[in-house]
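Spelled out, the chains give:
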Amino acid sequence: HNRGLDDETIKYFKIGFSQTNGKNTIDFLKSKNFSLKTISETGILNLESTPYRDTNSGRIAFSITDRNSNVIGFSCRKFRESDTSVAKYINTSSTKLFNKSTILYNFDNAINEANKVKYVYLLEGFMDVIACYRAGVKSAVAIMGTALTQENIQQLRYLKAEIRVCLDLDSPGQLNMYKIGKQLEESGLSYKFVNNDVDFTEKDADEILSKYGEEKLRSYLTNLVSYGEWLINYLRKNLDLSLLDGKRKFINSMIPYLSSIKEDIELEYYITTVSKITDLDKKVIINALKKYNRNNKKDDIVSTDYTETPTQVKKSKNQVISKLQLAEKELLHYMLNNKEVVDKFEVQLSYFITPEYKDIANLIADYI
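Described below are features of the structure shown in this document.

### Digging into the packing of aromatic side chains
Inspection of every chain in the model, using the stated rule, returns 20 aromatic pairs. Positioned above the aromatic ring of Tyr-119 is the side chain of Arg-164, whose terminal nitrogen or guanidinium carbon lies 4.1 Å from the ring centre. Over the aromatic face of Tyr-212 sits the side chain of Lys-216, whose NZ or CZ is 5.6 Å from the ring centroid.

Structure representation (structure tokens):
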């Protein structure tokens, strides 16, 4: 209630509370003739920890449902902010029913809504989906984690609606939008980005609603741009275009997108725009584009601190890896050897920049 949710919203999203006395949950399920083994397979009981109790006890429970509205897992948030001794969130571990890489939060409710309005918002968190609902935008889903998986893309394809990408406005959220834009471009789905050129500092839908109200949130959500326009804003914010190096990185970052454009008029528009922004002749951009296309449109790589730019990288046998990659490799090593590190990763970080390491981390977490 303090976060602005009324009882109707709480009921609609199946938000609950797990009793502080976690033994009650287990005793209740046992009274319904469920064995401890079966209860543990739902992800709410750890058989290695005694006395037996609900692993989510004392937490707000966000129900995770499948496309038929059956509850298949939970994401449980600590109730009292003052309690610094526990993790903010605990998520159901992988079970026979629950695998976060195959789930979009609120997908069951979005199916009918997307069919009516012909669009669906792709968001980053549960509270952002709920904020949209409170503002009258019911066709919205959230990714479970930080990556959009191929299973998620198939789910979005099923909706037969325009995808409107709206992740957090902070650096990790915007970097993730960059990656998702590339995925959606390759998928052939119809999509738009919510404009990242804003006049406020709040980072997500929930914060915007809390600070400014429903009208401001709706205005923000309906200010849509193409991926190219969003990318230009993104790069201009993070590169010093007064320097030659900044201009070079800007062009190198735009080239993969330019190479995907099919219409001559659209391509001409973006080449002209990039030329004006960098104050370089259009021939420079055209030559860079031709060179990129000759090299078979190889994938580009993104750095989080913006000191490096998405550019084509040729891998060699003795390729030097960055300090970031070394740090991520070391974290993977600790995750493989210590379950507590995996728990901390899921709660506090849950994100890798290097795609291969991210996949490995998710596999380790799912296995644990």
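### Remarks on the sheet that holds strand β7 (residues 140–143)
Taken in spatial order, the six strands line up as β5-β7-β6-β8-β9-β10 in an open sheet, and their pairing is mixed. What marks the edges here is a single partner per strand, and that holds for β5 (104–105) and β10 (224–225). Alignment of strand β9 (residues 191–194) against β10, held across two bridges, turns out to be antiparallel. Its bridge partner lying in β10, Phe-193 is registered against Val-225. Helix-sheet contacts for helix α5 (residues 126–134) involve β5, β6 (119–123) and β7, and the interaxial angle to β7 is about 170 degrees. Helix-sheet contacts for helix α10 (residues 227–238) involve β9 and β10, and the interaxial angle to β9 is about 30 degrees.

### Focus: the environment of Ser-75
Within the secondary structure layout, Ser-75 lies in strand β3 (residues 71–78). On the basis of relative accessible area, Ser-75 is assigned to the buried category, the value being 2%. Not counting chain neighbours up to four residues away, the residues in contact with Ser-75 comprise Ile-60, Ala-61, Phe-62, Ile-64, Tyr-89, Ile-90, Asn-91 and Phe-126. There is a polar contact of 2.6 Å between the side chain of Ser-75 and the side chain of Asn-91.

### A look at the environment of Glu-214
Following the sequence through the fold, Glu-214 ends up in helix α9 (residues 214–221). Distance from Glu-214 to Ala-135, taken between C-alpha atoms, is 4.9 Å for residues 79 residues apart in sequence. If near-sequence neighbours (up to four positions away) are discounted, Glu-214 is found in contact with Arg-134, Ala-135 and Leu-209.

### Considerations on the environment of Gly-73
With respect to the helices, strands and loops of the structure, Gly-73 is situated in strand β3. Among the residues examined, Gly-73 registers a relative accessible area of 2% and is labelled buried.

Cut-offs used in this document
Residues numbered from 1 in each chain as written. Predicted model: local features only at pLDDT ≥ 70, side-chain atom pairs only at ≥ 80, totals over all residues. Heavy atoms only, no water. Phe/Tyr/Trp six-rings, centres within 6.5 Å; stacked < 30°, edge-to-face > 60°. Lys NZ or Arg CZ within 6 Å of the ring centre and 35° of its normal. Pairing = 2+ DSSP bridges. Helix = DSSP H or I, 4+ residues; strand = E, 2+ residues; numbered from the N terminus. Contact = heavy atoms within 4.5 Å. Axes fitted to C-alpha atoms, helices over the stretch in contact; angles between N-to-C directions. Buried < 20%, exposed > 50% of the residue type's maximum accessible area, 1.4 Å probe, protein only. Polar contact = N/O pair within 3.5 Å; in protein donor to acceptor, adjacent residues only side chain to side chain.

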